[in-house]
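Each chain, written out:
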Amino acid sequence: MQFLGKDIGANLIGGVWGQASDGATFAVTDPATGSTLGHVPSATADDTARAIDAAYAAFLKYREDPVSARAEKLRRLSALISQHQEALARIMTAEQGKPLPEARAEVASSAAYVLWFAEEARRSMGDVIPSPWAGRKLMTTRHPIGVVAAITPWNFPSSMLARKIGPALAAGCCVVVKPASATPYSALVWGVLVEMAGFPAGAVNIVTGSARVIAGELTRNPKVRKLTFTGSTEVGKMLIRDCADTVKKVSMELGGNAPFIVFDDADLDRAIDGAMIAKFRNAGQTCICSNRIFVQSGIHDAFVARLVARTEKMVVGPGAQDGVEIGPMIDDAAVEKTQGLIDDAVSGGASVLTGGGRHPQGGCFFKPTVVAGATPAMRIAQEEIFGPVAAIYRFETEEELIAQANDSTYGLAAYVYTRDLGRTFRMQDALEYGLIGVNEVLIVTPEVPFGGLKESGLGKEGGWQGLEDFLETKYTCIGGLQAQ
C-alpha cells in the first residue's frame with residue numbers, strides 16, 4: 001500500500017524503514033471484500049528489541065528539547081493529519097471497514113488530540129512547596145518517564161494512536177508502537193507523518209506482527225518504562241501481570257458494558273437519535289457503545305417501535321460506498337461471536353424484532369439487530385457485544401435500574417436520558433462509570449479525561465490528566481539557604 005508515494009508495507013525502526021529480520025510477513029485484508037490489501041512485516045522479538053533500543057537512544061536527546069520545540073513539532077503533525085484527512089480515512093476504511101464519514105471523523109479527532117497535547121506540553125508544571133524548615137526550599141519537577149510501549153486496537157486505529165503518541169511526545173518520551181494486525185496501515189502512515197513533522201529518528205518506532213511475540217519483548221524489556229494499551233480486559237490483565245517484573249507504569253483502556261438508560265420523562269426523539277449513534281456507530285464495535293438499553297415501562301413500547309423502524313432503514317454495505325451507515329464487522333470470528341450472543345438470548349426467552357443474523361451481502365456483514373425481552377442472566381447482558389445488536393431491558397423504578405446498570409465488572413461509559421435535574425445528579429452519583437452522558441452520546445473530546453472504573457481500565461486519556469501518565473515527579477529539598 002502507498003501513502004504520499006511511499007510504500008508503507010515496512011516497519012519503522014530508528015528512522016529506517018525495513019522488513020522483519022527473518023523476512024516474515026502477513027497479509028492485511030479488506031473485511032468488506034476479503035481481498036488482500038498488501039503484506040506487512042511480522043517482526044521478531046529481536047526486531048522489537050532494536051526498536052526499543054532506538055527509542056531509548058532517541059529519548060536521551062529528545063528529552064532535552066525545549067518544550068516549545070516539542071509543541072511546534074506536534075502542531076505540525078496535527079496539521080499534516082488534517083491536510084491528508086481523506087487519504088488517511090480511505091486507508092482506514094479499506095482495512096477496518098467503517099463508513100468513510102466515520103473514518104474522516106476519526107482522522108479529524110486524531111488531529112485534535114495531537115493539537116491538544118501540543119498545548120498541554122507547555123503546562124507540565126511542578127510546584128514550590130511551603131517549607132516547614134527555615135533555610136530550605138522544597139519543590140517538585142516533572143520529567144518524561146522514558147521509553148513508552150503503545151499497543152493499539154483495530155476499531156479506532158488512528159485516534160487511539162493519537163491519544164498515546166500525542167502525550168508521549170509532548171512529555172518528552174519516545175515510543176514503540178505495536179498496532180493491531182488487522183489495521184497496521186493506519187499506524188504505519190503515522191511513521192511517514194512524524195518524519196514529515198520533523199521528529200528525530202527513533203522518536204516513534206512502529207513494529208507489526210504477532211501480539212504475543214512483540215508484547216512479550218515490550219513487557220520484559222527494562223528500557224520500556226511505561227506501557228499503554230487499549231483492548232480487551234482479558235488481554236489487559238495479562239499485560240499488567242507481565243509488566244510487574246520490571247514494575248512498569250501502565251495505563252489501560254479496556255472493555256465496556258455501557259448501559260443506555262431511558263426514563264419515562266425523556267425526550268423520546270432525542271433518545272432514539274442517541275441510541276442509533278451509540279449502538280450502531282462502527283457496527284457496534286466500540287468500547288463505549290450502548291451494550292444494554294434500559295427503558296422504563298411507561299415509554300418502553302414506543303421506544304422499541306421507533307428503534308426497530310429506524311434500524312430497519314439502515315444501509316449496510318462497503319464503507320467506501322456513498323450512503324452506507326454500517327460497514328462489515330472486522331472478521332468472521334466477530335460475526336460468529338455476535339451470532340452466538342443472539343442465539344443464547346433467544347434460547348433464554350428474548351425475541352429478535354429485526355435482524356438477527358448475517359446480512360445477505362455475506363462475508364463479514366451482519367444485519368443491524370434489535371432484541372427485546374433481554375434479562376440480566378443472559379450472556380448478552382454480561383459480555384461486551386462488540387456488534388450491531390441492540391438488546392432492550394424493561395425496568396420499573398430508579399432503584400431497580402441503578403442495581404441492574406451497575407451489575408457489571410465493567411465501568412467505562414453510561415448514558416442517561418431524562419428531563420429531571422434531580423435524577424440527573426442522582427445518576428451521576430450512583431452510576432459506577434468513568435464517562436457519563438446525560439441526554440448526549442457524543443461526549444468524547446480531547447479536552448476531557450477518557451477512562452473507566454473497575455475492570456474497564458487504569459489511567460486517563462485526554463484532558464490535562466492525559467499527560468500525567470507520561471511524566472514522573474521528582475521532589476527536591478534544597479538546604480543551606482540561610483545567610484551566613
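For the structure itself, look to the data block above.
These numbers were taken from a predicted model, which means no experiment stands behind them.

Undergrad: Just checking my understanding: could you explain the overall build of the protein for this structure?
TA: Along the protein, the regular secondary structure elements total 14 helices and 24 strands. In terms of C-alpha radius of gyration, the protein reaches 24 Å, essentially the compact-globule figure of 23 Å for 484 residues. Looking at the protein as a whole, 56% of its 484 residues are labelled buried. Put simply, 72% of the contacts in the protein that link residues at least 6 apart link residues at least 24 apart.

Undergrad: Please clarify how helix α8 (residues 233-243) should be interpreted in this entry.
TA: Along an α-helix, residues three or four apart share an orientation, since each turn contains 3.6 residues. Every buried residue of α8 is listed here: Thr233, Gly236, Leu239 and Cys243. The arc that holds the buried residues of α8, viewed along the axis, is 115°, so those residues lie on one side. Opposite the buried face of α8, at more than 90 degrees from it, the exposed residues are Glu234 and Arg241. As for α8, its buried residues are in contact with β9 (147-151), α7 (211-220), β12 (224-230), β13 (249-253) and β19 (410-411).

Undergrad: It is not clear to me how the sheet that holds strand β18 (residues 389-395) should be interpreted in this structure. Could you clarify?
TA: Strands pair in a sheet through their backbones, by hydrogen bonds, and they do so in one of two ways: parallel or antiparallel. What the 7 strands build is an open sheet, ordered β16-β17-β18-β15-β14-β20-β21; its pairing is mixed. If you trace the sheet from one side to the other, it starts and ends with β16 (351-354) and β21 (435-438), each paired once. On average, each strand axis in the sheet is tilted by 25° relative to the strand beside it, whichever way the strands run. By the bridge criterion, 3 bridges tie strand β14 (residues 258-262) to strand β20 (residues 413-417) in an arrangement that is parallel.

Undergrad: Where do I start with the packing of aromatic side chains in this structure?
TA: Note on aromatic pairs: each is described by the distance of the centres and the angle between the planes. Counting across every chain of the model gives 6 aromatic pairs. Summarising the aromatic geometry, the rings of Phe260 and Tyr415 are spaced 6.2 Å apart at their centres and angled 45° between planes, so their arrangement reads as tilted. Here the residue Phe260 occupies a position in strand β14, and Tyr415 occupies one in strand β20, the gap between them amounting to 155 residues. With a relative accessible area of 0%, Phe260 lands in the buried category. A relative accessible area of 2% means that Tyr415 is categorised as buried. On the numbers, 5.4 Å between centres and 85° between planes, the contact of Phe263 with Phe395 is edge-to-face. Of this pair, Phe263 sits in the loop between β14 and α9 (268-280) while Phe395 is found in strand β18, placing the two residues 132 residues apart along the sequence. Just as Phe263 is buried, Phe395 falls in that class too. Taken together through their ring pairs, the aromatic side chains of Phe260, Tyr415 and Tyr417 make up a single cluster. We note Arg136 situated over the ring of Trp133; from NZ or CZ to the ring centre the distance is 4.2 Å. The residue whose ring lies beneath Lys226 is Phe470, and the NZ or CZ to ring-centre distance is 4.9 Å.

Undergrad: It is not clear to me how helix α11 (residues 332-347) should be interpreted in this structure. Could you clarify?
TA: For α11, spanning 16 residues, the distance from its first C-alpha to its last is 22 Å, which sits close to the expected 22 Å at 1.5 Å a residue. Here α11 has its buried residues at Ala334, Val335, Thr338, Leu341, Ile342 and Ala345. The arc that holds the buried residues of α11, viewed along the axis, is 125°, so those residues lie on one side. Away from its buried face by more than 90 degrees, α11 exposes Ala333 and Ser347. If you check the start of α11, you find a side-chain oxygen 3.3 Å away from the backbone N of Ala333, and it comes from Asp331. The first or second residue beyond α11 is Gly349, which carries a positive phi of 110°.

Definitions and cut-offs
- Residues numbered from 1 in each chain as written.
- Predicted model: local features only at pLDDT ≥ 70, side-chain atom pairs only at ≥ 80, totals over all residues.
- Heavy atoms only, no water.
- Helix = DSSP H or I, 4+ residues; strand = E, 2+ residues; numbered from the N terminus.
- Rg over C-alpha atoms; globule rule 2.2 N^0.38 Å.
- Buried < 20%, exposed > 50% of the residue type's maximum accessible area, 1.4 Å probe, protein only.
- Contact = heavy atoms within 4.5 Å.
- Arc of directions from axis to C-beta.
- Pairing = 2+ DSSP bridges.
- Axes fitted to C-alpha atoms, helices over the stretch in contact; angles between N-to-C directions.
- Phe/Tyr/Trp six-rings, centres within 6.5 Å; stacked < 30°, edge-to-face > 60°.
- Lys NZ or Arg CZ within 6 Å of the ring centre and 35° of its normal.
- Expected span 1.5 Å × (residues − 1).
- Polar contact = N/O pair within 3.5 Å; in protein donor to acceptor, adjacent residues only side chain to side chain.

This is a description of form; function is not addressed.
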